[in-house]
Amino acid sequence: MALYNHPTYLKSPAWAQEWLLSARGWLRRSLREGTAFQRELADVERSQWLDPEGLQALQLERLRATLAHAAAHVPFYRDRFQAIGFAPGDLKCLDDLRRIPELTKRDVFDAGPAMLSDVHRGPRFSGTTSGTTGMSLTGWRDMASITREYAFVWRQLIWAGMKLGDRRVWMRGDKIVPGTQSRPPFWRHNRGEHMLMMSSYHLSESTAEAYLGAMQAYDPVILQGYPSAVLLLARYLVNHGRRYTGRSLKAVVTSSETVTDEHRQLVDKAFGCRIYDWYGSMERMTAIGTCEHGRYHLISDYSHTELEPQPDGSCEVIGTTFDNRLMPWIRYRLGDKIVPAAAGLRCACGRHFPVIERIVGRVEDYILAPDGRQIFMMSNVLDYIPDLVEGQVRQDSPDELHLLLVIKPGAPFDEAATRRAVRSYAGETFRVRIERVAQVPRTANGKLRVVVRNL
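Residues numbered from 1 in each chain as written. Predicted model: local features only at pLDDT ≥ 70, side-chain atom pairs only at ≥ 80, totals over all residues. Heavy atoms only, no water.

## As for the overall build of the protein chain
Each helix and strand in the protein chain was counted, giving 11 helices and 20 strands. Relative to the compact-globule value of 23 Å for 455 residues, the protein chain shows a C-alpha radius of gyration of 22 Å, a close match. Its C-alpha atoms put the protein chain at 60 × 55 × 45 Å along the principal axes. Looking at the protein chain alone, contacts between residues at least 24 apart form 66% of all its contacts between residues at least 6 apart. Accessible area of the protein chain: about 19500 Å², with a carbon and sulfur share of 52%. Mean positive and mean negative side-chain charge positions of the protein chain (60 and 52 charges, respectively) differ by 3 Å. (Helix = DSSP H or I, 4+ residues; strand = E, 2+ residues; numbered from the N terminus. Rg over C-alpha atoms; globule rule 2.2 N^0.38 Å. Contact = heavy atoms within 4.5 Å. Areas by Shrake-Rupley, 256 points an atom, 1.4 Å probe, with all protein chains shown as cover. Lys, Arg positive; Asp, Glu negative; His and termini not counted. Charge placed at Lys NZ, Arg CZ, Asp CG, Glu CD.)

Encoded structure:
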């Protein structure tokens, strides 16, 4: 359970909530930014400048280590490799990886604990996602992989102009205050991580002025948030003929939703800085980051990514993790698409990471509350439903949310807990209708949309 969903946090006054967030932040920063983190950050700062041959050699070395560990210690892969007659020593070049069957969401869902290493010792950490498919998956990571991931995230922040210890505003899927709260402040100061954490669930045209006032008073170096939340503030400023007046802001760092050129122009006009967009996933099997010249790059020292061409000119992403020994993901088809840049295009930043023209996936819808709030990332609600096979959140009328849910056969289902989860995100103004179905309807091209708003 996230801290801000815990009964103790919810019942505490604002000053105590800030103390709890700051204590947790201090602990997280102590774990993430210690000696191991400094070593990993130095390593990824070095590897970003490898030439193409060096990057290929690094990928082959990391893949061999991942496959050897999976074959020896992960029951699912041990059985899979034996079934196809594959041994890690058979990997002579990167193309040899294609001998291994693709990993699907259904494979992971059905395999359960067999996806985990049988020799893991020490703490482990879980994350759940419904992603763009609506099928709820739980991924597990060890501390070493989290430290390595954090180094890559910080390298992206460094590209955006941030330094360790700088102030930032955080406006993502964290419900910092109760969904029923109707008056500001909708934010709390996390001193442990030098962060003003702002709820994206309470942001609307009527509350935007309060958000901007708090941001300008805090004066962050980086604004880190969902594109949809940032764009609401940017449109508010532009529509009122104003610009953001904070003096220290260097960049807006976004992730989890699609960013367009129009969005970039709007943010530049409102905030006077560039968007640095980051593409990642709960599985940590592919990453795409934005360099100082505004180009997307496939982060080749992060993982191995195969780009499977599609008839529409895009490529589907198939990725293999390098760093997570607890739960490796090998040739995992994520379901998202990207469009590579023209072959051979080099970026002026000097890195040899492949250039990506645009990211096709990650278009999230929002629901519209009766009070005018645009509530983004409602797909997060599905992450709190155990044994969910697939699901969809629909809004077909102003005051009702309709959940279509496919639950694993034979698994218990707590309808009351599901209603509480929905209201914790959307507030008490909605009726919640829950419908158990055999399959969530697909779009004309066979896709499952997780959030659908027909208003």
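## Notes on helix α3 (residues 35-47)
In this model, α3 (13 residues) spans 19 Å end to end at C-alpha, consistent with the 18 Å of a helix rising 1.5 Å per residue. Among the residues of α3, F37, E40, L41, V44 and S47 are the ones counted as buried. For α3, the buried positions fall inside an angular range of 130 degrees around the axis, keeping them on one side. Opposite its buried face, α3 presents the exposed residues T35 and R39, each directed more than 90 degrees away. (Expected span 1.5 Å × (residues − 1). Buried < 20%, exposed > 50% of the residue type's maximum accessible area, 1.4 Å probe, protein only. Arc of directions from axis to C-beta.)

## Regarding helix α4 (residues 52-73)
For α4, which comprises 22 residues, the first-to-last C-alpha distance of 32 Å matches the rise-based estimate of 32 Å (1.5 Å per residue) to within 8%. Among the residues making up α4, those that are buried are L55, L58, Q59, L60, R62, L63, T66, L67, H69 and A70. Here the buried face of α4 lies against α3, α5 (75-84), α7 (143-159), β11 (303-309) and β12 (315-321).

## Focus on the sheet that holds strand β13 (residues 332-340)
Spatial strand order, β9-β10-β14-β13-β12-β11: 6 strands in an open sheet with antiparallel pairing. Unpaired on one side and paired on the other, β9 (288-290) and β11 mark the two borders of the sheet. Taking each pair of neighbouring strands and ignoring which way they run, the sheet shows an average axis angle of 50 degrees. Of the pairings in the sheet, the one linking β11 to β12 comprises 7 bridges and is antiparallel in character. Bridge assignment links H304 to a residue of β12, and that residue is T320. (Pairing = 2+ DSSP bridges. Axes fitted to C-alpha atoms, helices over the stretch in contact; angles between N-to-C directions.)

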